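Next come the chains, spelled out residue by residue.
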Amino acid sequence: MTIPAEPGPTGTTIQCTTAPDLKITAVEPFLLHVPVTGDHITDSMHSVTHWGLAGVILRTDGGLSGYGYTGTHAHLATDLLVTDCIARVYAPLLLDESFHHVQALWKKLYHFPPSQWVGRAGITQLALAAVDIALWDLKAKAAGLPLWRMLGASAPGGIPAYNTDGGWLNLSQQQLIDNCRRFVEEDGFRGVKIKVGSPNPRKDIERVEAVRRAVGSDVRLMVDANGRCDLPGAIELGRHFDDLEVAWFEEPLWYDDVEGHQRLAQSIRTPIALGEQFYAIDAFTAFARAQAVHYFQPDATRLGGVTEWWQVADLARAHRLPVAPHIGDMMQIHLQLALAHPSCVILEYIPWTRACFEEPATVADGKFIPPVLPGAGTSLREDSMAKFGVSLVW
């Protein structure tokens, strides 16, 4: 049976061949803490030993289950705030609702007065992201299609991948060089990203110079300061990056500093990339209007899910700006979106959570392989909870 067509996030129609009355019957939060590569990783602002997936499984009366989650630093106390928000705030609003009405449910949850009063960013938005992704997972499974295909893409050739998982600040310069060479020469990546923002800017410049020499001029090289620099320091670094053909300077300044990024963009040639810390489309609008950003990096696990992510990607297209999604989900949902939206030009690769999923995001010959299973690519393996699960009772 075909239900009435509902507009997809592009404004096109999506037909789902399933019964129109399938309802959400259970909302089950979950929490995974997955080890990162090595003992720990460090950038200019953070040091973590595990990556967190705070999420939800939505069960339906038709037997389908949808999986969604947000990405965290595996800090138990704050992770439980996300799962509690799902269980205590959003679950009562979801039960007995039809999962097909994704955008209406997004609006219902986002504008729920008590949560809007205390939220619109942070915990409530991360929880909303997990729910929204699970809803789109259900919608794609009901259609019998991978999400990228349900959203309108057809027979893509994959999307270029760049590897970040060997460029951490806690690694020596030689480890950095060895990792980036291996990514390019053995693994086939045509792009790598390394972290900057150490206390000594000269050290950052030397590390970037060393990697550029190691990988050659044909490989994309990106740098990421994670918001550490002040404006004079970012200008100094950026002018060196200009000469090293750096593809972009990511989060050079504090995340919300529109004017600072605008002045930096006017002072250096290297493009600026940012957006992983933005919770709503309004921030992207402000930076785009100020001509303070060149690459959008929206994160569906922070923005409130697929629904608002797609609006941000459309905004980028309206400004003729490329999209390079941040992979707070460690690639799963963003691979689907990057394949589907025409503004996406490249996608980050960090492998920490691949073992959690039925169809883990995979790169071959420098490109992500399009997934084939129905859904959003977020379905967990049966053994994921046994391996990485954390109790929600604390």
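Notes on the structure in this doc start here. (Residues numbered from 1 in each chain as written. Predicted model: local features only at pLDDT ≥ 70, side-chain atom pairs only at ≥ 80, totals over all residues. Heavy atoms only, no water.)

## Examining the packing of helix 1 (residues 76–94) against helix 4 (residues 123–143)
1) Next: At a minimum axis separation of 9 Å, helix 1 and helix 4 run at an interaxial angle of 60 degrees. Once helix 1 is placed against helix 4, the crossing between them reads as right-handed. Residue-level inspection shows Thr78, Leu81, Val82, Cys85, Ile86, Tyr90 and Leu94 of helix 1 in contact with helix 4, the latter providing Ile123, Thr124, Leu126, Ala127, Leu128, Ala130 and Val131.
2) Next: A per-class count over the contact of helix 1 with helix 4 returns twelve nonpolar, two polar and no charged. (Axes fitted to C-alpha atoms, helices over the stretch in contact; angles between N-to-C directions. Helix = DSSP H or I, 4+ residues; strand = E, 2+ residues; numbered from the N terminus. Left-handed = near helix turned anticlockwise from the far one by under 90°. Contact = heavy atoms within 4.5 Å. Nonpolar A, V, L, I, M, F, W, Y, C, P; charged D, E, K, R; others polar.)

## Some remarks on the nonpolar core
1) Next: The biggest cluster of nonpolar side chains holds 126 residues, and the ones touching the most others in it are Leu147, Phe249, Phe296 and Phe368.
2) Next: When residues in this core are grouped by element, the largest group, 13 residues, is from helix 4.
3) Next: In contact with phenylalanine 368, other than residues within four places in its own chain, are Gly158, Ile159, Pro160, Ala161, Met331, Leu335, Leu347, Glu348, Tyr349, Ala361, Thr362 and Val363.
4) Next: Listed in part, the eight residues of the second largest apolar core include Tyr162, Ala247, Trp248 and Ala273. (Core = buried A, V, L, I, M, F, W, Y, C linked by side-chain atoms within 4.5 Å. Buried < 20%, exposed > 50% of the residue type's maximum accessible area, 1.4 Å probe, protein only.)

## Overview of the sheet that holds strand 7 (residues 65–72)
1) Next: Judged by pairing direction, the sheet is antiparallel, and its three strands sit side by side in the order 3-6-7 without closing on themselves. Of all the strands in the sheet, the pair left with one neighbour each is strand 3 (24–35) and strand 7. Between one strand and the next, the sheet's axes are offset by a mean angle of 20 degrees, whatever the strand orientation.
2) Next: Across eleven bridges, the pairing between strand 3 and strand 6 (residues 50–60) is antiparallel. Within the sheet, the bridge partner assigned to histidine 33 lies in strand 6 and is glycine 52.
3) Next: Against the sheet, helix 4 contacts strand 3, strand 6 and strand 7, and its axis sits at roughly 145 degrees relative to strand 7. (Pairing = 2+ DSSP bridges.)

## Examining helix 6 (residues 173–185)
1) Next: An ideal rise of 1.5 Å per residue puts 18 Å on 13 residues; helix 6 measures up with 18 Å between its terminal C-alpha atoms.
2) Next: Among all positions in helix 6, only Leu176, Ile177, Asn179, Cys180, Phe183 and Val184 are buried. In a view along the axis of helix 6, the buried residues occupy a sector of 165 degrees, so they form one face of it.
3) Next: Those residues of helix 6 hidden inside the fold are in contact with strand 8 (159–163), strand 9 (191–195) and helix 7 (201–215). (Expected span 1.5 Å × (residues − 1). Arc of directions from axis to C-beta.)

## Details of the layout of surface pockets
1) Next: Here the largest pocket defines a volume of roughly 580 Å³.
2) Next: Trp51, Gly71, Thr72, His73 and Arg302 are the residues nearest the centre of the largest pocket, which is lined by 35 residues in total.
3) Next: Listing elements by their share of the lining of the largest pocket, those giving two or more residues are strand 7, helix 1, helix 4, strand 9 and helix 11 (300–303).
4) Next: A per-class count over the lining of the largest pocket returns twelve nonpolar, 13 polar and ten charged.
5) Next: The calculated volume of the second largest pocket comes to roughly 240 Å³.
6) Next: Around the second largest pocket, the lining is made up of 19 residues, and of these Thr37, Asp165, Asn179, Arg182 and Phe183 lie nearest the centre.
7) Next: Of the residues contributing to the lining of the second largest pocket, the split by class is eight nonpolar, seven polar and four charged. (1 Å grid on protein atoms, 1.4 Å probe; cavity = no way out; pocket = protein on both sides within 12 Å on 5 of 7 lines; lining within 4 Å. Points joined across faces, edges and corners; volume = space filled by probe spheres on them.)

## Looking at the side chain of glutamine 297
1) Next: If you trace the backbone, glutamine 297 turns up in the loop between strand 13 (295–296) and helix 11.
2) Next: Classification of glutamine 297 by relative accessible area gives buried; the value is 1%.

## Notes on helix 8 (residues 231–243)
1) Next: End to end, helix 8 covers 19 Å across 13 residues, agreeing with the expected 18 Å (1.5 Å per residue, within 8%).
2) Next: Buried within helix 8 we find Leu231, Gly233, Ala234, Ile235, Leu237, Gly238, Phe241 and Asp242.
3) Next: Buried positions along helix 8 lie against helix 7, strand 10 (220–224), strand 11 (248–250) and helix 9 (258–267).
4) Next: One side-chain oxygen at the N-terminal end of helix 8 lies 2.8 Å from the backbone nitrogen of glycine 233; it belongs to aspartate 230. (Polar contact = N/O pair within 3.5 Å; in protein donor to acceptor, adjacent residues only side chain to side chain.)

## Some points on the packing of helix 6 against helix 7
1) Next: Where helix 6 meets helix 7, the axes come as close as 9 Å, and the angle between the chain directions of the two elements is 30 degrees. Between helix 6 and helix 7, the angle falls in the class roughly parallel. The way helix 6 lies across helix 7 gives a crossing that is right-handed. Facing helix 6, whose interface residues are Gln173, Leu176, Ile177, Cys180, Arg181, Val184 and Glu185, helix 7 presents Glu206, Arg207, Ala210, Val211, Ala214 and Val215. (Parallel < 35°, antiparallel > 145°, perpendicular 65-115°, else oblique.)

## Describing the environment of tryptophan 136
1) Next: When you line up the elements, tryptophan 136 lands in helix 4.
2) Next: Taking the C-alpha atoms as reference points, tryptophan 136 and glycine 305, separated by 169 residues in sequence, lie 8.9 Å from one another.
3) Next: Among the polar contacts made by the side chain of tryptophan 136, one reaches the side chain of threonine 307 at a distance of 3.1 Å.

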